[in-house]
Amino acid sequence: MKVIFVRHSEPDYSMLDKANNPEAYVGFGRDLAPLTGHGRYLAQEAAKNPVFAQAQVLISSSVTRALETAAYIARHHELPLLVEPFFHEWRPDLDGLNYTEVELELAYTTYMTHGGDLPSDSPIRYETAAEMRTRFLKALEKYRQYDTVVIVCHGMLMRQFVAQEVIDYCELFEVEL
């Protein structure tokens, strides 16, 4: 199966940060953020890529920034748009403690330092690279009837299949899985 991975476009967290109770929008609450104006422009430009014409379906993470990006591509190419909740971003907080920015940075640094593994003495529990990869591949099984799919998702998830440290907004990669 050919997978055309697309990283979501640029999110706009400002409205969440300015809410009356911004602490309510930490953790998965951040996933409610839409795209910035520039992010919408990037997604519309990315949608013009002819590589998407070979796909039979577009599957998006259920996170708003990915879903909004996917909508532009699906509309431009008249592709069916499916939503897959298990194509979400890396989970830096498996305990649901709504980590602070400091704790999230510690989780990310620990993850990167240990190559995606979780050291036994880590004070923070996060999703390992192996767990992320397994989650994705298990969810992908239900789409095996397609020869080529577009998947709009997240950089950390994409890096489980693409050997690239930095993945730009709306950057795409073709991978055989």
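Residues numbered from 1 in each chain as written. Predicted model: local features only at pLDDT ≥ 70, side-chain atom pairs only at ≥ 80, totals over all residues. Heavy atoms only, no water.

The end-to-end C-alpha separation of helix 3 (residues 64-77) is 20 Å, in line with the 20 Å expected for 14 residues at 1.5 Å each. Turning to helix 3, its buried residues number three or more, namely R65, A66, E68, T69, A70, Y72, I73 and A74. At its buried positions, helix 3 is contacted by strand 1 (2-7), helix 2 (37-46), strand 2 (57-61), strand 3 (81-84) and strand 4 (148-153). E78 sits one or two positions beyond helix 3 and adopts a positive phi of about 50°. (Helix = DSSP H or I, 4+ residues; strand = E, 2+ residues; numbered from the N terminus. Expected span 1.5 Å × (residues − 1). Buried < 20%, exposed > 50% of the residue type's maximum accessible area, 1.4 Å probe, protein only. Contact = heavy atoms within 4.5 Å.)

What follows concerns the pairing of strand 4. With respect to burial, strand 4 is a largely interior element, 6 of its 6 residues being buried. When strand 1 meets strand 4, the two strands line up parallel, connected through 6 bridges. Within the sheet, the bridge partner assigned to I4 lies in strand 4 and is V150. With 4 bridges connecting them, strand 2 and strand 4 associate as parallel partners. Looking across to strand 4, one finds that I59 is bridged to I151. (Pairing = 2+ DSSP bridges.)

For the structure on display, the rule yields 9 aromatic pairs. Relative to Y108, the ring of W90 has its centre 6.4 Å away and its plane inclined at 70°; by these criteria the two rings are edge-to-face. Taken together, the residues W90 in the loop between strand 3 and helix 4 (101-113) and Y108 in helix 4 connect sequence positions 18 residues apart. Residue classification places Y108 among the partly exposed positions, given a relative accessible area of 31%. Where W90 meets Y111, the ring centres are 5.0 Å apart and the plane angle is 55°; that geometry is what we call tilted. On the criterion of sequence distance, the pair formed by W90 in the loop between strand 3 and helix 4 and Y111 in helix 4 is long-range, its members being 21 residues apart. In this structure an aromatic cluster arises from ring pairing among F5, F87, F136, Y143 and F161. (Phe/Tyr/Trp six-rings, centres within 6.5 Å; stacked < 30°, edge-to-face > 60°.)

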